[in-house]
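Take a look at the letters that make up each chain.
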Amino acid sequence: MAQKVATPLIQVDPDVFTRFIQENDGAVREILLRELEDILIQGCMDVYGNNQTRIAEALGVNRGTLRTRMKELGYIGDTGL
């Protein structure tokens, strides 16, 4: 079991969050998960550079899944890094 983080990593202004929900009704989860994936991949790239194997290990996904998400988010093209 993962250890609980004592201080939340993500802090959101309640008014901004409420407005976001109202403006994106029906797509809130999809938008937030995509943004979170983007933040996670970018953070891992900052730590591990372009080492996709290490990034995939850190995120707990296989390298193929990581490459698919990186392509969808625009980090790599069809030819790779």
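For the structure itself, consult the block above.
In this report, the structure presented in the accompanying data block is examined. Since the model is a prediction, treat every value here as computed from it, not as a measurement.

A separate point is helix 3 (residues 52–59). Within helix 3, the full set of buried residues consists of Q52, I55 and A56. The arc that holds every buried residue of helix 3, seen down its axis, measures 100°, which confines them to one face. Each element contacted by the buried residues of helix 3 is listed here: helix 2 (28–48) and helix 4 (63–73). Regarding helix 3, its N-cap is N51, as a side-chain oxygen of that residue lies 3.2 Å from the backbone nitrogen of T53 further along. Looking one or two places after helix 3, you find G60, whose phi comes out positive at around 75°.

It is worth spelling out helix 4 at this point. At 3.6 residues per turn, the α-helix brings residues three or four places apart onto the same side. Turning to helix 4, its buried residues are L66, R67, R69, M70 and L73. Looking straight down helix 4, one finds that the buried residues subtend no more than 165° of arc, so they occupy a single side. Buried-residue contacts for helix 4 involve helix 2 and helix 3. Structurally, the start of helix 4 carries an N-cap: the backbone nitrogen of G64 is 3.0 Å from a side-chain oxygen of N62. G74 sits one or two positions beyond helix 4 and adopts a positive phi of about 90°.

The rules behind these values
- Residues numbered from 1 in each chain as written.
- Predicted model: local features only at pLDDT ≥ 70, side-chain atom pairs only at ≥ 80, totals over all residues.
- Heavy atoms only, no water.
- Buried < 20%, exposed > 50% of the residue type's maximum accessible area, 1.4 Å probe, protein only.
- Helix = DSSP H or I, 4+ residues; strand = E, 2+ residues; numbered from the N terminus.
- Arc of directions from axis to C-beta.
- Contact = heavy atoms within 4.5 Å.
- Polar contact = N/O pair within 3.5 Å; in protein donor to acceptor, adjacent residues only side chain to side chain.

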